[in-house]
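Each chain, letter by letter, is given below.
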Amino acid sequence: MRKKNFFAGPSVMPEEVLEILSKEIKDYQGEGLSMIEASHRGGMFEAMYDECLALFRELLGIPDNYDVYFLGGGATLQFTMIPMNFLLPGKVADYAKTGTWSNKATNDAEKLGSVNVFFDGKESNYTTLPDVESIKPSENSAYVYICANETIGGIEWKAFPDTKDVPLIADMSSDIFSRPVDVSKFGMIYGGVQKNLGPAGATFIIMRKDMLERRNGNLTAYMDYALHAKDKGLYNTPPVFSIWAVKLVLEWIKSNGGVQGMDERADKKSSLIYSVIDSSDFYRSPVDKRYRSRMNIVFRLPNEELEKKFVSESQKEGMLGLKGHRSVGGLRASLYNALPYEDVVALRDFMLEFEKKNG
Ligand SMILES: *Cc1c(COP(=O)(O)O)cnc(C)c1O
């Protein structure tokens, strides 16, 4: 029996995808070798990769004036590459500090150039977001940076600021493909694939082509987006296993209603849990209701002892990953695309039962 997997990342994969991977790991579609044994130049890898990129574009509706490719180094490497490329001398980058991940991105950017923090959620302990209408880029802004879904704090932007001529850059590691996105509003969208798209290894990059004209042209090879764009991410060896699995996950998304289907799933699943939280004095969500994440539901119990008990008893029921991140404590259920609806029903039932016994 498979566990009910609520881990925040790496995280649950569609069972159908795991089955294809295990079936084809030794012999990819009768080619007589594994995808992970093949050269990344030409041949079966590149044919698969091209299909993966085409599917990625199709499902998200990415306009032609954007490059799409995968890199290594995780989302974290982008915290450095973005300011290295775009935060030129005389410019300032506008950052929103809304939780762990955007705070880390801000810290890295501050080491590389001039940063304006236009919102800092510190006072509210990162439980709320700014009103998008109020956001105006600095006069000489290089870009506006946000994290679309703070995986640890469980807080998600529901609308995005209109930054006019200033590029908007978003980390969508943990909510990509969970809802439709108007990509044309962004200069760049990126994220690690290990939350909603596949096994750890690859980082997806979606970048408007004209962003390259704004970049620092004097960087070392790997740091320079132009080299990656020119070669669809194949400047050096890409994370081939991760990309192969992402392609299979994209096919799974397509056959399950595409991004629209994932959006509906996310509503259905997250409302099961939020309705338990909202109808009880036992469970409590610290996050501003307007911005509660559908991917990562953070919640608390009356005391830490009960939270510990909740985690250990849920484990006995085959539910993994419900402990909150060590930096914020409490509990967290990650309900990524691939998590089956029935597993969320099981969590809901467990929560009701736990309250009955301990409330
Ligand atoms: C997990 C995560 C990261 C870090 O990703 P790595 O691939 O481990 O570098 C960054 N941003 C967000 C929103 C995340 O969820």
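This structure is a prediction, so every number in the text was calculated from the model and none was measured.

Peer 1: When you look at the overall build of the protein chain in this model, what are you seeing that I'm missing?
Peer 2: Across its full length, the protein chain holds nine helices and 13 strands. Taken against the 2.2 N^0.38 rule, which gives 21 Å for 359 residues, the C-alpha radius of gyration of the protein chain at 21 Å falls within 12% of a compact globule. Seen through its C-alpha atoms, the protein chain measures out along the principal axes to roughly 60 × 55 × 30 Å. Taking all 359 residues of the protein chain together, the buried fraction comes to 57%. Taking all contacts inside the protein chain whose residues are at least 6 apart in sequence as the whole, residues at least 24 apart take part in 68%. As presented, the protein chain carries roughly 15,500 Å² of accessible surface, and 49% of it is formed by carbon and sulfur atoms. Across the protein chain, the mean location of the 44 positive side-chain charges is 3 Å away from that of the 49 negative side-chain charges.

Peer 1: Would you explain the domain arrangement of the protein chain in this entry?
Peer 2: Many structure descriptions define interface size as the accessible area lost when the parts assemble. Domain annotation for the protein chain reports domain 1 (15-255) and domain 2 (258-358). Look at where the C-alpha atoms of domain 1 and domain 2 centre, and you get two points 27 Å apart. Taken together, the contacts link 27 residues of domain 1 with 25 residues of domain 2. Across the domain 1 to domain 2 interface the summed buried area is about 2,100 Å²; carbon plus sulfur atoms make up 56%. At the junction of domain 1 with domain 2, the criterion picks out zero salt bridges. Linking domain 1 with domain 2 are 13 residue pairs in polar contact (both at pLDDT 80 or more). Looking at the side of domain 1 that touches domain 2, the elements with two or more residues in it are α2 (43-60), β7 (155-156) and α6 (240-255). The element that contributes the greatest number of residues to the side of domain 1 that touches domain 2 is α6, accounting for three residues.

Peer 1: What is the right way to look at α6 in this model?
Peer 2: One turn of an α-helix holds 3.6 residues; hence residues three or four places apart share an orientation. Taking 1.5 Å as the rise per residue, α6 with 16 residues should run 22 Å; its terminal C-alpha atoms sit 23 Å apart, in good agreement. Among the 16 residues of α6, 12 are classified as buried, and the element is accordingly described as predominantly covered. Looking only at α6, the buried set comprises V240, S242, I243, W244, A245, V246, K247, L248, V249, L250, W252 and I253. At its buried positions, α6 is contacted by α1 (15-24), α2, β2 (66-71) and α7 (258-278). At the C-terminal side of α6, G257 shows a positive phi close to 95°.

Peer 1: Would you take a moment to explain the side chain of H40 for this structure?
Peer 2: Counting through the fold element by element, H40 comes out in the loop between α1 and α2. Of the residues examined, H40 reaches a relative accessible area of 15% and is grouped as buried. If near-sequence neighbours (up to four positions away) are discounted, H40 is found in contact with F45, E46, L234, N236, T237, P238 and V240.

Peer 1: Would you explain the site of the ligand in this entry?
Peer 2: Residues in contact with the ligand amount to 13 residues; listed here are only the nearest, T76, T151, D171, Q194 and K195. At 2.9 Å, a side-chain N or O of Q194 approaches an oxygen atom of the ligand. One of the side-chain N or O atoms of K195 is found 2.5 Å from an oxygen atom in the ligand. Protein contacts shield 87% of the accessible area of the ligand, which totals 390 Å² for the unbound molecule. Judged by the fraction of its atoms near the pocket grid, the ligand is located in the largest pocket. At four residues, helix α3 (residues 74-86) tops the list of elements feeding residues into the shell around the ligand. For the shell around the ligand, the class distribution of residues is four nonpolar, seven polar and two charged.

Peer 1: Quick question: what am I supposed to make of the layout of surface pockets here?
Peer 2: To locate leftover empty space, one rolls a probe as large as a water molecule over the atoms. The volume enclosed by the largest pocket comes to roughly 350 Å³. At three residues, α3 tops the list of elements feeding residues into the lining of the largest pocket. For the lining of the largest pocket, a count of residues per class yields nine nonpolar, 12 polar and four charged. The residue makeup of the lining of the largest pocket includes at least three contributed by each of domain 1 (15-255) and domain 2 (258-358). Space inside the second largest pocket adds up to approximately 290 Å³.

Peer 1: What is the right way to read the packing of α1 against α6 from this model?
Peer 2: Two quantities define a packed helix pair, namely the angle between the helix axes and the distance between the axes. Remark: α1 packs on α6, axes separated minimally by 9 Å, with the N-to-C direction vectors making an angle of 135°. For the element pair α1 / α6, the angle class is oblique. Crossing of α1 against α6: the hand is right-handed. Contacts from E16, V17, I20, L21 and E24 of α1 reach α6 at F241, W244, A245, L248, V249 and W252.

The rules behind each value
- Residues numbered from 1 in each chain as written.
- Predicted model: local features only at pLDDT ≥ 70, side-chain atom pairs only at ≥ 80, totals over all residues.
- Heavy atoms only, no water.
- Helix = DSSP H or I, 4+ residues; strand = E, 2+ residues; numbered from the N terminus.
- Rg over C-alpha atoms; globule rule 2.2 N^0.38 Å.
- Buried < 20%, exposed > 50% of the residue type's maximum accessible area, 1.4 Å probe, protein only.
- Contact = heavy atoms within 4.5 Å.
- Areas by Shrake-Rupley, 256 points an atom, 1.4 Å probe, with all protein chains shown as cover.
- Lys, Arg positive; Asp, Glu negative; His and termini not counted.
- Charge placed at Lys NZ, Arg CZ, Asp CG, Glu CD.
- Domains from an automatic or database assignment.
- Buried area = accessible area lost by both parts, 1.4 Å probe.
- Salt bridge = Lys/Arg side-chain N within 4 Å of Asp/Glu carboxyl O.
- Polar contact = N/O pair within 3.5 Å; in protein donor to acceptor, adjacent residues only side chain to side chain.
- Expected span 1.5 Å × (residues − 1).
- Near = heavy atom within 4 Å.
- 1 Å grid on protein atoms, 1.4 Å probe; cavity = no way out; pocket = protein on both sides within 12 Å on 5 of 7 lines; lining within 4 Å.
- Sits in = over half its atoms within 2 Å of the grid points.
- Nonpolar A, V, L, I, M, F, W, Y, C, P; charged D, E, K, R; others polar.
- Points joined across faces, edges and corners; volume = space filled by probe spheres on them.
- Axes fitted to C-alpha atoms, helices over the stretch in contact; angles between N-to-C directions.
- Parallel < 35°, antiparallel > 145°, perpendicular 65-115°, else oblique.
- Left-handed = near helix turned anticlockwise from the far one by under 90°.

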